[in-house]
Amino acid sequence: MSILDNVNSPKDIKKLSINELEQLCSEIREFMVSSVSSTGGHLASNLGVVELTVALHKVFNSPADQIVFDVGHQCYTHKILTGRKDKFNTLRQKDGISGFTRPPESEHDIFSSGHSSTSISECIGLAKAKQLKGDKGKVIAVIGDGALTGGLAYEALNNSGNDNSNLIVILNDNNMSISANVGSMAKNLTTIRTSPKYVTFKSKIQRGLAKLPKIGSHLNRMFTLINTKIRKRVYNSTFFEDLGFRYYGPIDGHDIDALIDVLNAAKAHNHSVLIHINTVKGKGYEPAEKNPTLFHGIGKFDAISGKTLVSANNFSSAFGKTMCRFAKKDSRICCVTAAMAEGTGLVEFSNLYPKRLFDVGIAEQHALTFCSGLAKNGMVPVFAVYSTFLQRSYDQLIHDIAMQNIKVILAIDRAGFVGEDGESHQGVFDTSYVNSVVGFTMYAPSYYDELEAMFYDGIYKTEGAVAIRYPRGTESYKPDGYNYEHKNYDTLGDEDSSVCVVTYGREFSNCAQALDVLKNTKLIKLNKIKPIDKDAVKSAMKCDTIIFAEEAVKSGGIGQSFAEELAITGYKGKFIHICVDDEFVKQASVSEQLRTYRLDTQSMIEEVENAKGK
């Protein structure tokens, strides 16, 4: 009999024995591997937190006790236990459940959490609000998978103080940036300190001392001081203790009995607590344990063999190869990544030029200011970053790069629609916020050879800071005879047409395919999208109708800048802007997202024909 079949909410596991909970964990892993192999998703990190999540729902009462996962991609077991097991085949699919925590899905999801390092800040706020309202419920932040390398987490820890009596922070240490175990003595002490009997005994002693007349408070302070000094002598690291937390750890994150004990001890505390657990990323599924990076975020795969069907050729790999070629000839070239060397295609670069590859952790703000220092002393730093994660560094773009006219190259990966990761990961905002920064030049390649050529132009022929944005995945349709010749824009089709389509980046392929079907249509491809070449505007103005198509938000973006240039020059024709208009892009495949926003080939054909009155 499957235990998982009978688990539909957290209350269903409250009465299960340790043996039954262990069996449940095994069944969850089998279920997860089978399901994610069909949908894709963040597998390795979720396999690592199965026991922890089961223990959390065994000990605490969600949602009265609020559990916040950081990063939210660790939430699959949580979703399975909170009533979404039967919807798991829709994971990351259009109109299905999200791959991250998402409050509209369930009362058990406290925040939408697609980016890292936010949980402790959120939980301090939740805990403080509970205190102000007299709510005794606990607040638990589950942070790990490298999220503690983000600066926001340290700002929160510094602000946590000693008065958050209902705050529990769980550090999920899966050897992804956190320190090694602290030794056997610390483990033995942790075993004692997590015993409910010890916590009860200690509380009774403190209450008894407090009642003694005159000397009670003094003795209590002495007791606390001695207790603290013993802990500091035994534990090699007292960082969390110094910040005001009661520290427990390290705990075996796959020993559910030990996890339940330590969580019960933390629950009994009237003080902020940090629990340090060790887990194995990919636990229980051999392919994921051997290659946790590959199975961190993975597409569909064969559940038995673990083999994937991911193409080795994509824009990220093209970027990595380009950087290797440039670095071979130019010793000034350095690459910087924020814990995404594999995702941004820099593995080969790191092997060939290890001294010129800098992984700063999940710290995009630091990465950019670090780049400004490299550039100031004569290097050429290239910061490879996903569009969605670059959002964290807007101030650095302005203050530390552009305002000081420093030559830093942004390699903006995953620009445009990215598909199933949903609202938090779509790369549709970078055009707007980079477009707003004085002094930046921005390029948008449509093909691999263009990417290399534009990086050459950006590094060697362009003054000031440069951003080069390119999409996730592989290059698409390329018109016969088209070649990039280092122009700011290119024109295809009928020069005397009444309708002109203007676009850039990946969307050029869809528009070019539409052009093969359409007649009497002009297509302008912007290669440099900031600043916009005024001659491109003049060329478009010859047409009665201009259709601007882009995989980006409307507000502040390239289409709006183009429209402004048209207005300044007195254009009297019709301007149609096809883009994302004031909304977040929901999860779906990239092809579905293109259709939804009228940016696929067939939609472009229809838009042009409608403009012509057909």
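See the structure shown above.
Worth saying up front: this structure is predicted, and the values here are computed from it rather than measured.

1. A word on the overall build of the protein
- The secondary structure content of the protein amounts to 24 helices and 17 strands.
- A fraction of 75% describes how many contacts in the protein between residues 6 or more apart in sequence connect residues 24 or more apart.
- Here the protein has roughly 25,800 Å² of accessible surface; of this, 51% comes from carbon and sulfur atoms.

2. Description of the packing of aromatic side chains
- Using the criterion set out here, one finds 25 aromatic pairs in the structure.
- Their ring planes at 80 degrees and their centres at 6.3 Å tell us that Tyr 447 and Phe 508 sit as a pair that is edge-to-face. With a gap of 61 residues between them, Tyr 447 in the loop between strand S10 (441-443) and helix H19 (448-460) and Phe 508 in helix H20 (residues 507-517) connect regions that are remote in the sequence.
- For Tyr 447, a relative accessible area of 0% gives the class buried.
- Clustering of aromatic rings is evident, with ring pairs tying together Phe 315, Phe 319, Tyr 448, Phe 455 and Tyr 470.
- The side chain of Lys 478 reaches across the aromatic face of Tyr 447, ending 5.1 Å from its centre.
- In this arrangement the basic side chain of Lys 525 is found over the ring face of Phe 508, its NZ or CZ atom lying 5.4 Å from the centre.

3. What about the sheet that holds strand S17 (residues 574-580)?
- One open sheet accounts for five strands, arranged S12-S14-S13-S16-S17; its pairing is mixed. Because the sheet does not close on itself, it has two edges, and the strands there are strand S12 (489-493) and S17. The sheet shows a mean angle of 20 degrees between the axes of neighbouring strands, direction not considered.
- Judged from the four bridges that link them, strand S13 (residues 499-504) and strand S16 (residues 545-553) form a sheet pairing that is parallel. Each bridged residue has a counterpart across the sheet, and for Cys 500 the counterpart in S16 is Ile 546.

4. Details of the sheet that holds strand S15 (residues 528-530)
- With respect to topology, seven strands assemble into an open sheet ordered S7-S6-S8-S9-S11-S10-S15, the strand pairing being mixed. A strand with exactly one partner marks an edge of an open sheet, and here the two such strands are strand S7 (357-359) and S15. Neighbouring strand axes in the sheet, compared pairwise and without regard to direction, differ in orientation by 25 degrees on average.
- In the sheet, strand S6 (residues 333-337) pairs with S7 via three bridges, with the strands oriented parallel. Across the sheet, residue Cys 335 finds its bridge partner in S7, namely Leu 357.
- In the packing of H19 onto the sheet, contacts are made with S6, strand S8 (380-386), strand S9 (409-413), S10 and strand S11 (466-469), and the angle to S9 comes to roughly 155 degrees.

5. Comments concerning the pairing of S17
- The element S17 is largely enclosed, with a buried count of five among its seven residues.
- Pairing geometry for S16 and S17, over six bridges, is parallel. Across the sheet, Phe 548 pairs through a bridge with His 577, a residue of S17.

6. Some words on the packing of helix H13 (residues 315-329) against H19
- Where H13 contacts H19, the axes come no closer than 9 Å and their chain directions differ by 45 degrees. Taken together, H13 and H19 sit at an angle that is classed as oblique. For the pair H13 and H19, the sense of crossing is right-handed. Contacts from Phe 315, Ala 318, Phe 319, Thr 322, Met 323, Arg 325 and Phe 326 of H13 reach H19 at Tyr 448, Leu 451, Glu 452, Phe 455, Tyr 456 and Ile 459.

7. Concerning a negative patch on the surface
- Where like charges cluster on the molecular surface, the negative patch consists of Glu 22, Asp 252, Asp 255, Asp 257 and Asp 261.
- Locating Asp 255 in the fold gives a position in the loop between strand S4 (246-252) and helix H11 (256-268).

8. Brief notes about the side chain of His 276
- By the secondary structure assignment, His 276 is in strand S5 (residues 273-278).
- For His 276, the side chain forms a polar contact with the side chain of Asp 173, separated by 2.9 Å.
- Those residues within four positions of His 276 in sequence are excluded, and the remaining contacts are Leu 171, Asp 173, Tyr 247, Tyr 248, Gly 249, Pro 250 and Ile 251.

9. As for the packing of helix H3 (residues 50-59) against H11
- Where H3 contacts H11, the two axes come as close as 9 Å, and the packing angle between them is 45 degrees. With respect to their mutual orientation, H3 and H11 come out oblique. Seen along the crossing, H3 lies across H11 with a hand that is right-handed. Across the interface between the two elements, Glu 51, Leu 52, Val 54, Ala 55, Leu 56, Lys 58 and Val 59 of H3 pack against Ile 256, Leu 259, Ile 260, Leu 263, Asn 264 and Lys 267 of H11.

10. Topic: the environment of Thr 118
- Of note, Thr 118 is situated in the loop between helix H4 (76-84) and helix H5 (119-133).
- On a C-alpha basis, the gap between Thr 118 and Ala 156 in space is 8.6 Å, while along the polypeptide they are 38 residues apart.
- If sequence neighbours within four positions are ignored, Thr 118 has contacts with Asp 70, Ser 113 and Leu 152.

11. Considering the nonpolar core
- Phe 319, Met 323, Phe 349 and Phe 455 are the most contacted members of the largest nonpolar core, which totals 56 residues.
- Among the elements that make up this core, the one with the highest residue count is H13 (seven residues).
- Setting aside its immediate chain neighbours within four residues, Phe 349 contacts Met 323, Cys 324, Ala 327, Ile 333, Cys 335, Pro 354, Arg 356 and Leu 357.
- By size, the runner-up hydrophobic cluster in this structure holds 51 residues, among which are Met 32, Leu 47, Ile 277 and Ala 288.

12. Quick notes on H11
- Helix length check: H11, at 13 residues, gives a terminal C-alpha distance of 18 Å against a target of 18 Å (1.5 Å per residue), a fit within 8%.
- Considered for burial, the residues of H11 that qualify are Ile 256, Leu 259, Ile 260, Val 262, Leu 263, Ala 265 and Ala 266.

So, how was this worked out
- Residues numbered from 1 in each chain as written.
- Predicted model: local features only at pLDDT ≥ 70, side-chain atom pairs only at ≥ 80, totals over all residues.
- Heavy atoms only, no water.
- Helix = DSSP H or I, 4+ residues; strand = E, 2+ residues; numbered from the N terminus.
- Contact = heavy atoms within 4.5 Å.
- Areas by Shrake-Rupley, 256 points an atom, 1.4 Å probe, with all protein chains shown as cover.
- Phe/Tyr/Trp six-rings, centres within 6.5 Å; stacked < 30°, edge-to-face > 60°.
- Buried < 20%, exposed > 50% of the residue type's maximum accessible area, 1.4 Å probe, protein only.
- Lys NZ or Arg CZ within 6 Å of the ring centre and 35° of its normal.
- Pairing = 2+ DSSP bridges.
- Axes fitted to C-alpha atoms, helices over the stretch in contact; angles between N-to-C directions.
- Parallel < 35°, antiparallel > 145°, perpendicular 65-115°, else oblique.
- Left-handed = near helix turned anticlockwise from the far one by under 90°.
- Patch = residues over 30% accessible without salt bridge, like charges linked within 9 Å, V, L, I, M, F, W, Y side chains within 5 Å.
- Salt bridge = Lys/Arg side-chain N within 4 Å of Asp/Glu carboxyl O.
- Lys, Arg positive; Asp, Glu negative; His and termini not counted.
- Charge placed at Lys NZ, Arg CZ, Asp CG, Glu CD.
- Polar contact = N/O pair within 3.5 Å; in protein donor to acceptor, adjacent residues only side chain to side chain.
- Core = buried A, V, L, I, M, F, W, Y, C linked by side-chain atoms within 4.5 Å.
- Expected span 1.5 Å × (residues − 1).

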